[in-house]
Amino acid sequence: MQMVCLTDFEEYAKEHLSKATWDYYAAGADECCTRDDNLLAYKRIRLRPRILRDVSVSDTRTTVQGTEISFPVGIAPTAFHCLAWHEGEVATARATEALNTCYITSTYSTCSVEEIVAAAPNGYRWFQLYVYRDRKLSEQMVHRVEALGYKALVLTVDVPYTGKRRNDIRNQFKLPPHLKVKNFDGVFQETAGPEEYGIPANTLDPSISWKDVYWLQSITRLPIIIKGILTKEDAELAVEHGVQGIIVSNHGGRQLDGGPASIDALPEIVETVQGRIEVYVDGGIRTGSDVLKALALGAKCVFIGRPAVWGLAYKGEEGVREVLQILNDEFRLCMALSGCRNVAEINRNLIQFSKL
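Predicted model only: the values in this text are computed from it and were never measured.

**Side note on the side chain of asparagine 38**
Inference 1: Within the secondary structure, asparagine 38 is located in helix 3 (residues 33-43).
Inference 2: Side-chain polar atoms of asparagine 38 contact the backbone nitrogen of serine 262, separated by 3.1 Å.
Inference 3: Filtering out sequence-adjacent residues up to four positions away, asparagine 38 remains in contact with Asn250, Gly252, Gly253, Pro260, Ala261, Ser262, Gly283 and Gly284.

Now the structure itself:
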């Protein structure tokens, strides 16, 4: 069957993945209000198209952290790609390299950071990092990815504890025995006791605070991007602590339920940051029109999580390429239909909030 939009990939993945795997990827926290609102919030935003603007030539290129990418959509960090497709993150890396955009590799990958680099040596990659109780573990990962040529660190800050994902509890979700969190191969062998998402429970450090940003800056020269900010107060603190970027994110609605949709949190953060650092957004992007809306509200680039996994489930590398290509084509079309010839012409005047 021909895949026309991202929903087609979602339906395919739902039919073909095991129930436990589908539930894991689809999960939101608690009642899933925030997960669902991430999608609904985009539908509340209306565009104000301008006409007769000569859109015979269009250019979707942009830059993130000074590096040019072909269009403003990257791959957000999501765990366990081998659950969706046997090659896992290696396939995701090849697809993003082919489309010349940014891939944020998850700490919780089922391929190692080395395997990912070997598969797509010319890919543009950032690495998503958690801070562990054992700081040495985090520090070793930072040095590994820096040596491998990853171009930025994405510090996830919204997981002092894991959100309550009801279906994962019901399904007693566990990685199958043939898969593991490859980056920690051999690290936790002595550890008996309960496991949470492939590593021992209580490995994450709930005492993480702003001083850990300074600690991270002291051990690396890579730009630091903070993922999981939803308020102007924290955006201001991020700028004051000298980070290079913010990803406005609620973790796909998987952490705190009842927080804002990420696109609804974006405007106050953009207004506070005032261009001092780059601001990105993830959560709920399903169409080229969503991408256009996010950019009009001040995001430099957006990142997609679940749709990349659906692409993998459909056809591995080729599936992820198709997902990205469809978003690229839709974004180009929406830009033109709104009267924008390049991303520099996309601005807040394009947006009208509807009264839904």
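**Topic: helix 9 (residues 232-240)**
Inference 1: Inspection of helix 9 places Ala235, Ala238 and Val239 among the buried residues, and these make up the whole buried set. The arc that holds the buried residues of helix 9, viewed along the axis, is 95°, so those residues lie on one side.
Inference 2: Each element contacted by the buried residues of helix 9 is listed here: strand 10 (224-229), strand 11 (245-248) and helix 10 (262-273).
Inference 3: A positive phi of about 75° marks glycine 242, the residue just after helix 9.

**A few points about the pattern of salt bridges**
Inference 1: Inspection of every chain in the model, using the stated rule, returns 17 salt bridges.
Inference 2: Aspartate 264 is the salt-bridge partner of arginine 44, the closest N and O atoms lying 3.0 Å from each other. Within this pair, whereas arginine 44 is found in the loop between helix 3 and strand 1 (45-47), its partner aspartate 264 is found in helix 10, the two being separated by 220 residues in sequence.
Inference 3: Look at the salt bridges and you will find they share partners, linking Asp37, Arg44 and Asp264 into a network.

**A look at the UniProt feature "binding site: glyoxylate" (unreviewed entry) in the chain**
Inference 1: The sites that carry the UniProt feature "binding site: glyoxylate" (unreviewed entry) are, in the present numbering, Tyr24, Arg165, His251 and Arg254. Taken along the chain, the residues just named run across 231 residues; in space they keep tight, none of their C-alpha pairs more than 13.4 Å apart.
Inference 2: Tracing the backbone through its elements, the reader meets arginine 165 in the loop between strand 7 (153-156) and helix 7 (166-171).
Inference 3: Contacts of arginine 165, omitting those with residues within four sequence positions, involve Ala27, Gly28, Tyr197, His251, Arg254 and Gln255.
Inference 4: On the accessibility criterion, histidine 251 (14% relative accessible area) is buried.
Inference 5: Here histidine 251 is in contact with Tyr130, Thr156, Asp158, Val159, Arg165 and Lys227, once residues within four sequence places are set aside.
Inference 6: Of the polar contacts made by the side chain of histidine 251, one reaches the side chain of aspartate 158; its length is 2.9 Å.

**Focus on the environment of asparagine 347**
Inference 1: Inspection of the secondary structure puts asparagine 347 in the loop between helix 12 (306-337) and strand 14 (351-353).
Inference 2: Expressed as a C-alpha distance, the spacing of asparagine 347 and leucine 297, which sit 50 residues apart in the sequence, is 6.9 Å.

Reading guide: rules and limits
Residues numbered from 1 in each chain as written. Predicted model: local features only at pLDDT ≥ 70, side-chain atom pairs only at ≥ 80, totals over all residues. Heavy atoms only, no water. Helix = DSSP H or I, 4+ residues; strand = E, 2+ residues; numbered from the N terminus. Polar contact = N/O pair within 3.5 Å; in protein donor to acceptor, adjacent residues only side chain to side chain. Contact = heavy atoms within 4.5 Å. Buried < 20%, exposed > 50% of the residue type's maximum accessible area, 1.4 Å probe, protein only. Arc of directions from axis to C-beta. Salt bridge = Lys/Arg side-chain N within 4 Å of Asp/Glu carboxyl O. UniProt positions renumbered as here; feature names shortened; annotations may be inferred.

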